[in-house]
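Structural description and commentary
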Amino acid sequence: MNVDRDDLVEADEIDEGDIVDRIFEAVIEQRLPPGTKLSESALCEAFGVGRMRIRRSLLLLASREVVELHANRGAFVASPTAEQAREVFEARLALEPNIARLAVQRATDEDIAQLNRHLEMEYVAHKERHRHDAIRLSGQFHTLMAQIAGNAVLLRTMKELVTRTSLIIGIFGAPGVSNCRDDDHAAIVGSFRTRDAEKAAWMMTLHLRHIESHLQLGSPETGAVDLVQLFAKG
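Residues numbered from 1 in each chain as written. Predicted model: local features only at pLDDT ≥ 70, side-chain atom pairs only at ≥ 80, totals over all residues. Heavy atoms only, no water.

Our next topic: the packing of aromatic side chains. Describing an aromatic ring pair means giving the distance of the ring centres and the angle of the ring planes. Throughout the structure, instances matching the rule amount to one aromatic pair. Sitting above the plane of the phenylalanine 24 ring, arginine 64 keeps its charged end 4.9 Å from the centroid. (Phe/Tyr/Trp six-rings, centres within 6.5 Å; stacked < 30°, edge-to-face > 60°. Lys NZ or Arg CZ within 6 Å of the ring centre and 35° of its normal.)

Moving on, we come to the nonpolar core. Grouped together as the largest cluster of nonpolar side chains are 63 residues, with contacts concentrated most on Leu32, Leu38, Leu43, Phe47, Met145, Phe192 and Phe231. Per-element accounting of this core gives the leading share, nine residues, to helix H7 (residues 152-172). Apart from the residues within four sequence positions on either side, phenylalanine 231 is in contact with Arg22, Ile23, Ala26, Leu32, Leu43, Ala46 and Phe47. (Core = buried A, V, L, I, M, F, W, Y, C linked by side-chain atoms within 4.5 Å. Buried < 20%, exposed > 50% of the residue type's maximum accessible area, 1.4 Å probe, protein only. Helix = DSSP H or I, 4+ residues; strand = E, 2+ residues; numbered from the N terminus. Contact = heavy atoms within 4.5 Å.)

A few words on helix H3 (residues 51-63). An ideal rise of 1.5 Å per residue puts 18 Å on 13 residues; H3 measures up with 19 Å between its terminal C-alpha atoms. Listed as buried for H3 are Arg53, Ile54, Ser57, Leu58 and Leu61. Along the long axis of H3, the arc covered by the buried residues comes to 135 degrees, so they all point the same way. Among the exposed residues of H3, those pointing more than 90 degrees away from its buried face are Leu59 and Ser63. A positive backbone phi angle near 65 degrees is found at glutamate 65, which sits one or two residues after H3. (Expected span 1.5 Å × (residues − 1). Arc of directions from axis to C-beta.)

The subject of this paragraph is the pairing of strand E2 (residues 67-70). Here E2 pairs with strand E3 (residues 74-77) via four bridges, running antiparallel. Bridging across to E3, valine 67 finds its partner in valine 77. (Pairing = 2+ DSSP bridges.)

What follows is about the pattern of salt bridges. Pairing between side chains of opposite charge can happen when their charged atoms approach one another. A complete count under the given rule lists 10 salt bridges for this structure. Linking glutamate 83 and arginine 86 is a salt bridge whose minimum nitrogen-to-oxygen distance equals 3.6 Å. Here glutamate 83 and its partner arginine 86 are both found in helix H4 (residues 82-106), three residues apart, which amounts to about one turn of the helix. Note on glutamate 83: relative accessible area 44%, which makes it partly exposed. Overall, the relative accessible area of 41% leaves arginine 86 in the partly exposed class. (Salt bridge = Lys/Arg side-chain N within 4 Å of Asp/Glu carboxyl O.)

Quick look at the structure:
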């Protein structure tokens, strides 16, 4: 019986979870622009795996709404519309002030120390102009808040919203805008030190409105990406 190479599972191959994480990270860090075609053959070459493994990975990414699958056309990085962008920020404004409030009420001293360490990493990334790190860390700040709030449902929702927001900023962000301002985050963390839950909620509201105000909801621009070069092992 002949067995297709694509159906083989080799012990030294990268698994679907790792592939998903790496593509997910590239989207979050805006190295994969919205609308980018995710060629199965290029991804197979980049990750050194068979076509079936890539297809399963793309299905997982589609379930997170990071990738859009189109019949007879293939897979593409999700490309939200201006209206969807407004809806995402509407959802964040409805949820995150309350997440901040809960987080302040439930934070331990170690949680606050962790937030302070995170702020330090953000500060270094901005100061040294490490744009990819700054984008990644700014998104992690918001999921960390949900983690401290101690609600698994809110945490899953925030992970999805942070991903979609990074896509939105990649499409509609004004020149020079990468994501959150680290000084906004510092102001929010200051509310933890004083245990002022209402101030944290209000600062989060201002922070989200600031990000939304810098979006330019016009026609997006996309560019070609060499997937093999982006994901191939160094």
